[in-house]
Amino acid sequence: ALEPLSVSLAIGVAWALTGYLSHPNFYCSYVECCPSDGHRINATALRAQLDTKLFGQHLAKDVVLKAVMGFTNNPSPKKPLTLSLHGWAGTGKNFLSQILAEHVHPAGLRSKFVHLFLATLHFPHQEKVKLYKEQLQSWIRGNVSACPHSVFIFDEMDKMHPGLIDAIKPFLDYYEQVDRVSYRKAIFIFLSNAGGDLINKAALDFWTSGKRREEIQLKDLELMLSVGVFNNKNSGLWHSSLIDRNLIDYFIPFLPLEHKHVKMCVRAEMTARGYAVDEQIVQAVADEMTFFPKEQKIYSDKGCKTVQAKLDIHEDF
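Thresholds applied
Residues numbered from 1 in each chain as written. Predicted model: local features only at pLDDT ≥ 70, side-chain atom pairs only at ≥ 80, totals over all residues. Heavy atoms only, no water. Axes fitted to C-alpha atoms, helices over the stretch in contact; angles between N-to-C directions. Helix = DSSP H or I, 4+ residues; strand = E, 2+ residues; numbered from the N terminus. Parallel < 35°, antiparallel > 145°, perpendicular 65-115°, else oblique. Left-handed = near helix turned anticlockwise from the far one by under 90°. Contact = heavy atoms within 4.5 Å. Nonpolar A, V, L, I, M, F, W, Y, C, P; charged D, E, K, R; others polar. Expected span 1.5 Å × (residues − 1). Domains from an automatic or database assignment. Buried area = accessible area lost by both parts, 1.4 Å probe. Polar contact = N/O pair within 3.5 Å; in protein donor to acceptor, adjacent residues only side chain to side chain. Buried < 20%, exposed > 50% of the residue type's maximum accessible area, 1.4 Å probe, protein only.

Caption draft 1: Just the packing of helix 3 (residues 43-53) against helix 4 (residues 58-72), in detail. Running from amino to carboxyl end, helix 3 crosses helix 4 at an angle of 160°, the nearest separation of the two axes being 11 Å. By the criterion of interaxial angle, the relationship of helix 3 to helix 4 is roughly antiparallel. Between helix 3 and helix 4 the crossing geometry is right-handed. Where helix 3 abuts helix 4, its residues Ala-43, Leu-46, Arg-47, Leu-50 and Asp-51 lie against Lys-61, Leu-65 and Met-69. Broken down by class, the residue content of the contact of helix 3 with helix 4 amounts to five nonpolar, no polar and three charged.

Below is the structure:
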């Protein structure tokens, strides 16, 4: 028979061990957990990553940093943070959304709390828009119920069927709860090529007038951008209640990239591959890109989109 002292000791050890193993800090070191309400994004780290990895986008970096920090530091936001990123392909929209997701959830796009929707993959058929709306509402409701700090990224908004995105309007509005679920701490990000032509024209006008691109401010483009995508049938936000009800917090323009920015992308890619930066290779890759307007050749028509592929042919260096 066991001595009473031995039994008591064993029970005590068992309770202590159970308590330790079930402690959130221990559990969450092995299994991804939803951040607590007291979780704060490291502003210094986010700024440093944007400065070193996102090139030529002073507006996007400044607006996103301030918007995200203001939102996450607010213990009781009135609505989810909703950002709409616009610009031509290769200017950094996807890259910025991935960086932001990683600072909310360290696993980034691999996180079970970060959800990426591609219009052409997840919502391909016009005749199924009603079904897509129901599925989208159910999916968002279920995931925000599991983690209030969920991040939702909608890519290819310019290929989204008109009216589909309005299905999430109740989740973005100023409601304390919808069906007993609060969406106020979630983040919604829309990525779109729509409005890129307007942004490029504005950037070119600044250049033609002798102004530096760094002088372009959000107020110079945001109203034009919101009106432009609202009236663009190919924007995914055509006549959308999200714009009509002012539920998108920021329309963020991504400027066309200049020759110097393309070279920055090449250097960053070489470093990421573990290569020593060779300026001759950097110049060669940049020279293989195409630029517009035809006469001045100021801006890359694909941004940095094809840098990786073009660097591949120089692997023998």
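Structure's up, so let's keep going.
Caption draft 2: Highlighting helix 7 (residues 129-146). Between its terminal C-alpha atoms helix 7 stretches 26 Å, which fits the 26 Å expected from 18 residues at 1.5 Å a residue. On its buried face, helix 7 is in contact with strand 2 (114-118), helix 6 (119-122), strand 3 (151-155), helix 8 (169-172) and strand 4 (187-192).

Caption draft 3: Spotlight on the domain arrangement of the protein chain. The domain architecture assigned to the protein chain consists of domain 1 (43-254) and domain 2 (258-314). Between the C-alpha centres of domain 1 and domain 2 there is a distance of 27 Å. With 10 residues of domain 1 at the interface, the matching set in domain 2 holds 15 residues. For the pair domain 1 and domain 2, the summed buried surface comes to about 1,100 Å²; carbon and sulfur atoms form 70% of the total. It is Phe-55, Trp-207 and Arg-213 that lose the most area in domain 1 upon contact with domain 2, and together they represent 44% of the buried surface on that side. Counting the contacts that link domain 1 with domain 2 gives three residue pairs in polar contact (both at pLDDT 80 or more). Its residues assigned to classes, the side of domain 1 that touches domain 2 comprises six nonpolar, three polar and one charged.

Caption draft 4: Spatial organisation of unusual backbone geometry. The amide bond that connects Phe-292 to the next residue, Pro-293, takes the cis arrangement and shows omega of -5°. With respect to the element layout, Pro-293 can be found in the loop between strand 6 (291-292) and strand 7 (299-300). Although it is not a glycine, Asp-179 sits at a positive phi angle of roughly 55°. For Asp-179, the location among the structural elements is in the loop between helix 8 and strand 4. Overall, the relative accessible area of 55% leaves Asp-179 in the exposed class. Despite not being glycine, Lys-297 has its phi angle at roughly 50°, a positive value. Locating Lys-297 in the fold gives a position in the loop between strand 6 and strand 7. Residue Lys-297 is classed as exposed on the basis of its relative accessible area of 56%.

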